[in-house]
Amino acid sequence: HSENKKGEACPSRRFFAALQLPTLKAVGSCVLYGETGINIEGLAIQTNGTALIGFRKPAGRMDTLENPQGVLKGEPPKWGKPQKTPGAVRDLCVDSKGRLLMLVSGNKLFCDGNEIPLSLPSDFNAEAVVEDIAGKRLILISDDGTRLFDGVENKRLPPERQTFRLATAPIP
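Residues numbered from 1 in each chain as written. Predicted model: local features only at pLDDT ≥ 70, side-chain atom pairs only at ≥ 80, totals over all residues. Heavy atoms only, no water.

Draft legend 1. Summary view of the pattern of salt bridges. Tallied over the entire structure, the rule returns 11 salt bridges. Among the ionic pairs, R56 bridges to E41, the shortest N-O distance being 4.0 Å. In this pair, R56 is assigned in strand 6 (residues 51–57) and E41 in strand 5 (residues 39–45), connecting sequence segments 15 residues apart. Close ionic contact of D132 with R137 constitutes a salt bridge, the shortest N to O distance being 3.3 Å. For D132, a relative accessible area of 13% puts it in the buried group. (Salt bridge = Lys/Arg side-chain N within 4 Å of Asp/Glu carboxyl O. Helix = DSSP H or I, 4+ residues; strand = E, 2+ residues; numbered from the N terminus. Buried < 20%, exposed > 50% of the residue type's maximum accessible area, 1.4 Å probe, protein only.)

Dropping the structure here:
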């Protein structure tokens, strides 16, 4: 779904939804940015069966795959018109009411385009959002990758010592 932090190609990141992506190029109206790199961070299936694909890079973009089931059967992809987003997408989620929740860089959360105020610790780096099983609150997840523990970044610690944090927000 992306290159590494240094901008180097990573073959292991060329898999998307159990499908291997070819060298990235223009596919229909969805222009994937090949050598300049892309970073897909969000994927959500809408109630009508279309798939929303949110990009961290290029920032501010979300594409709609109109026929995800068809693509899995070997049909060529049909792309909707690219949409602008309020920032680099970190995660997408469709809630139990069919509304699109979009988490963007800077710990900003939107529900169908309207920002939801969040109260998070200053070192919380929201990477994902899900609705709890009861449909009563949203759960935000921080991977804490750059958080320091005894002077060492969390992501560089042995797996058994790595942490993440959760925060909750009311459902609008």
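From this point, things continue past the structure.
Draft legend 2. How the structure looks around the nonpolar core. Within the largest apolar cluster, 14 residues are counted, with the highest numbers of intra-cluster contacts made by L101, L103, L109, I116, V129, L138 and L140. Those elements that place two or more of their residues in this core are strand 10 (100–104), strand 11 (108–111), strand 13 (126–131), strand 14 (137–142) and strand 17 (165–170). If you look at the next biggest cluster of nonpolar residues, it comprises nine residues, including M62, V89, L92 and V104. (Core = buried A, V, L, I, M, F, W, Y, C linked by side-chain atoms within 4.5 Å.)

Draft legend 3. Examining the confidence of the model for the chain more closely. Looking at the chain, the pLDDT average stands at 82 and 79% of residues meet or exceed 70. Scored below 50 in pLDDT, residues 15–31 makes 29 contacts in the model with residues more than four places away or belonging to other chains. (pLDDT = per-residue confidence, 0-100. Contact = heavy atoms within 4.5 Å.)

Draft legend 4. Seen up close, the sheet that holds strand 8 (residues 83–84). The four strands lie next to each other as 5-6-7-8, forming an open sheet whose pairing is antiparallel. The two strands at the open ends of the sheet, each matched to only one other strand, are strand 5 and strand 8. For strand 5 and strand 6, the ladder comprises six bridges, and the chain directions are antiparallel. Its bridge partner being in strand 6, N39 is matched across the sheet by K57. (Pairing = 2+ DSSP bridges.)

Draft legend 5. Seen up close, the packing of aromatic side chains. For the coordinates displayed, the defined rule picks out zero aromatic pairs. The ring of F55 carries R61 above its face, with NZ or CZ at 5.8 Å from the centroid. (Phe/Tyr/Trp six-rings, centres within 6.5 Å; stacked < 30°, edge-to-face > 60°. Lys NZ or Arg CZ within 6 Å of the ring centre and 35° of its normal.)

Draft legend 6. Highlighting the pairing of strand 17. Residues R165, A167 and A169 point to one face of strand 17 and are all buried, whereas L166, T168 and P170, pointing to the other face, are not buried. As paired strands, strand 14 and strand 17 are joined by six bridges and run antiparallel to one another. Note on strand 17: the bridge partner recorded for S142 is R165.

Draft legend 7. Geometry of the side chain of T50. Structurally, T50 can be placed in the loop between strand 5 and strand 6. A residue is classified by how much of its surface remains accessible, and T50, at 5% relative accessible area, is buried. Separated by 2.7 Å, the side chains of T50 and N48 make a polar contact. Once residues lying within four places of it in the same chain are set aside, the contact partners of T50 are A44, I45, T64, L65, E66 and P68. (Polar contact = N/O pair within 3.5 Å; in protein donor to acceptor, adjacent residues only side chain to side chain.)

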